[in-house]
Amino acid sequence: HSSQENEFWSALLEKAYAKLHGSYEALKGGSTCEAMEDFTGGVSEMYELQEAPTNLFQILLKAHERNSLMGCSIEADPSVTEMQTPEGLVKGHAYSITRVQYVDINTPNSSGKIPLLRLRNPWGNEAEWKGPWSDKSPEWRFIPDNEKEAIGLTFEDDGEFWMSYRDFVKYFMRLEICNLNPDSLSEEELKSGDKKRWEMSVYEGEWVRGVTAGGCRNNLQTFSRNPQYTITLTDPDEEDEENKCTVIVGLMQKNRRAQRRIGRDCLTIGFAVYKLDDPEKLPKPLDTNFFTYNASVARSPSFINLREVSCRFKLPPGTYCIVPSTFDANEEGEFILRVFSEKKNNMEENDEEVGMGEIDERIREAEPEPEEQKADDKVKEFFHKLAGDDMEVDWMELKEILDYAMRAETVSEGGFSKDVCRSMIAMMDVDRSGKLGFDEFKQLWIDIRHWKSVYKLYNKEGAGYLNAFELREALNSAGYRLNNHILNILVHRYAGKDGNISFDDFMMCAVRLKSMIDQFKERDPNNTNKATFTMEEWVEKTLYS
């Protein structure tokens, strides 16, 4: 074991990491960013220094203030292992940046501040930078002694050295920054005043085939189906001349490394950011019409098949909508969306509240045609015939009635399934007798007529099924308001492998929804959106539904 009590044997940590992902084989490949993220929970950024933004040193300063992990490297020469440059730098090594600072300098002709960085070679030996500001270089004579002491300047063969920002950008090729989440800094560090922390918002979600896997903006008709998240930025960054807010958006797909063994590689993912000028007047979620006439104000640099896509933006204060997506529609996967900002951000899902709404006028106002009225009368007559002396029907008798009444709609040869019929009985069976009287049947028949009309409305060209993308609109027309979480669950439960929903499954879905919402509303008469059940009541109501 280590001689230091606060050091942990890295091989044990590697073993735990391999267990998490299923095997050592699953650890093959990846990037420094992935490792830093997995061991810290942070969000990484990557910069090619030949294309460095003009404010990169300010980014480095703020990253150092927030204890971000920073690494840099020079592209390796494939023909030479660990080749050293004439300046003493090693190609292919992951150097760490341990300090970023403006340092006071006094030369015979002028005085001011110079941007410097302290780096460390992982070898920890004499292989160090040999240029300006290296150990014992003549430039240090222009730095006051108190400044040298403040930055902890030492000259040893320990692999750590200083260099100017200008030389850093010139000689290094890639910079990686892992921004740590707010929990990474202790209260003592924050109270000391020399450290700051990011404000962070996190949401987990998934792309489900036919529901929330809408693909990128190229798929305009389905793009609005993707999960949507609003973020409100109120305060600009400190000392920002443009009065803008720094935002880092990171979109990470979950569990892809562990799924390699079943042939699943990373999906091609990205995100787009839209400005919402008047959020209260916009639909929730944003619809196709919005995306048709509004362009994004920011987006990920590209759609790419990496585990995480991240990007830093400077945005004016306001409300924005972030839409994470896969490149192609109907690609399934889970993701985590994280947003870091210097000042507090308010982030929430841009989705409907679950509950009851108005039934679509096209459904509510549709009076039965004379032929339909005759059919209704025959159904009621059939009920009386089957009900017998007690004037009640059980689920088997209800199945006979519905198979007769809906013989044109039920696709399966056996008609309505016993589960649907049992659930219908449970939905209307107030006295828990396992049967329906005629008054209960009449109310059920009204609901069934509505659901049948909804199905016909969205069963385009008589295809015999509903597309899962149409499920939200269909259930909205039936009077249900649902968010993406519920829709994803419904499609997992009631759709086939192709993402389509049969008439029988749609009816089952509608019955279960009505049952659960009615039971909740019964316990929430004041519409507080909260209800209380004992364990016995909860078991009874969920089992008999």
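Here the structure is a predicted model, which is why all the values come from computation and not from measurement.

**Focus on the overall build of the protein**
- In terms of helices and strands, the protein carries 17 helices and 21 strands.
- Its C-alpha radius of gyration of 32 Å places the protein more than 25% over the 24 Å reference for a compact globule of 545 residues.
- Structurally, the protein occupies a C-alpha span of about 110 × 50 × 45 Å along its principal axes.
- Counting contacts in the protein only where the partners sit at least 6 residues apart, residues at least 24 apart contribute 73% of the total.
- Here the protein holds 68 positive side-chain charges and 98 negative ones, and the gap between their average locations is 1 Å.

**Some thoughts on the pattern of salt bridges**
- The full count for this structure, using the stated rule, is 27 salt bridges.
- Here Lys-442 and Asp-439 are joined by a salt bridge, their closest N and O atoms 3.9 Å apart. Of this pair, Lys-442 and Asp-439 both sit in helix H13 (residues 438–458), separated by three residues, roughly a single helical turn.
- For Asp-439, a relative accessible area of 59% translates into the label exposed.
- Counted as one network, the salt bridges with shared partners bring together Lys-62, Glu-65, Arg-66 and Glu-342.

**Things to note about the packing of aromatic side chains**
- Across all of its chains, the model carries 26 aromatic pairs by this definition.
- Grouped by ring-pair contacts, the aromatic residues Tyr-95, Phe-161, Phe-168 and Phe-172 constitute a single cluster.
- Seen from the ring of Trp-198, Arg-66 lies directly overhead, with NZ or CZ sitting 5.0 Å from the centre.

**Let's talk about helix H3 (residues 56–65)**
- Where burial is concerned, most of H3 is hidden: seven out of the ten residues are buried.
- For H3, the complete set of buried residues consists of Leu-56, Phe-57, Ile-59, Leu-60, Leu-61, Ala-63 and His-64.
- Looking at the residues trailing H3, positive phi occurs at Asn-67, about 60°.

**Quick look at the sheet that holds strand S7 (residues 199–207)**
- The strand order S7-S14-S9-S12 describes an open sheet built from four strands, whose pairing is antiparallel. Of all the strands in the sheet, just S7 and strand S12 (308–315) have a single pairing partner and so form its edges. On average, each strand axis in the sheet is inclined to that of its neighbour by 15°, with strand direction left out of account.
- Across nine bridges, the pairing between S7 and strand S14 (residues 333–341) is antiparallel. Directly across from Glu-206, in S14, lies its bridge partner Glu-334.

**Describing the side chain of Asn-484**
- As for its placement among the helices and strands, Asn-484 is situated in helix H15 (residues 484–494).
- Beyond its immediate chain neighbours, meaning those up to four positions away, Asn-484 contacts Thr-212, Arg-225, Asn-226, Pro-227, Asp-351 and Arg-472.

**Structural notes on unusual backbone geometry**
- Residue Pro-285 is reached from Lys-284 by a cis peptide bond, and omega for that bond is -10°.
- Among the structural elements, Pro-285 can be located in the loop between strand S10 (269–276) and helix H8 (288–293).
- The phi dihedral of Asn-529 falls on the positive side, at around 70°, and the residue is not glycine.
- Topologically, Asn-529 is positioned in the loop between helix H16 (503–523) and helix H17 (535–543).
- Residue Asn-529 is classed as exposed on the basis of its relative accessible area, which comes to 57%.

**Comments concerning the domain arrangement of the protein**
- Partitioning the protein into structural domains gives domain 1 (31–191), domain 2 (198–351) and domain 3 (361–544).
- Each side of the interface is counted separately: domain 2 has 17 residues, and domain 3 has 16 residues.
- Overall, the association of domain 2 and domain 3 removes approximately 1,300 Å² of surface from exposure, summing both partners, and the carbon and sulfur fraction of that is 51%.
- Among the residues domain 2 hides against domain 3, the three largest losses belong to Val-211, Arg-225 and Asp-351. Together they make up 38% of the total.
- The interface formed by domain 2 and domain 3 contains two salt bridges.
- One can count five residue pairs in polar contact (both at pLDDT 80 or more) joining domain 2 with domain 3.
- Considering only residue class, the side of domain 2 that touches domain 3 consists of five nonpolar, six polar and six charged.

**Re the environment of Val-211**
- Tracing the chain through its elements places Val-211 in the loop between S7 and helix H7 (220–223).
- Residue classification places Val-211 among the buried positions, given a relative accessible area of 8%.
- Along the sequence, Val-211 and Arg-225 sit 14 residues apart, while their C-alpha atoms lie 6.5 Å from each other.

**Section: the nonpolar core**
- By size, the foremost hydrophobic cluster in this structure holds 52 residues, and its most contacted members are Phe-416, Met-424, Ile-448, Trp-451, Leu-475 and Phe-506.
- With nine residues, H16 is the largest single contributor of residues to this core.
- Those residues in contact with Phe-506, other than ones at most four positions away along the chain, are Trp-451, Val-454, Tyr-455, Leu-466, Leu-471, Ala-474, Leu-475 and Ile-501.
- Ranked by size, the runner-up nonpolar core spans 26 residues in total, among them Tyr-47, Ile-74, Tyr-95 and Val-100.

The rules behind the values
- Residues numbered from 1 in each chain as written.
- Predicted model: local features only at pLDDT ≥ 70, side-chain atom pairs only at ≥ 80, totals over all residues.
- Heavy atoms only, no water.
- Helix = DSSP H or I, 4+ residues; strand = E, 2+ residues; numbered from the N terminus.
- Rg over C-alpha atoms; globule rule 2.2 N^0.38 Å.
- Contact = heavy atoms within 4.5 Å.
- Lys, Arg positive; Asp, Glu negative; His and termini not counted.
- Charge placed at Lys NZ, Arg CZ, Asp CG, Glu CD.
- Salt bridge = Lys/Arg side-chain N within 4 Å of Asp/Glu carboxyl O.
- Buried < 20%, exposed > 50% of the residue type's maximum accessible area, 1.4 Å probe, protein only.
- Phe/Tyr/Trp six-rings, centres within 6.5 Å; stacked < 30°, edge-to-face > 60°.
- Lys NZ or Arg CZ within 6 Å of the ring centre and 35° of its normal.
- Pairing = 2+ DSSP bridges.
- Axes fitted to C-alpha atoms, helices over the stretch in contact; angles between N-to-C directions.
- Domains from an automatic or database assignment.
- Buried area = accessible area lost by both parts, 1.4 Å probe.
- Polar contact = N/O pair within 3.5 Å; in protein donor to acceptor, adjacent residues only side chain to side chain.
- Nonpolar A, V, L, I, M, F, W, Y, C, P; charged D, E, K, R; others polar.
- Core = buried A, V, L, I, M, F, W, Y, C linked by side-chain atoms within 4.5 Å.

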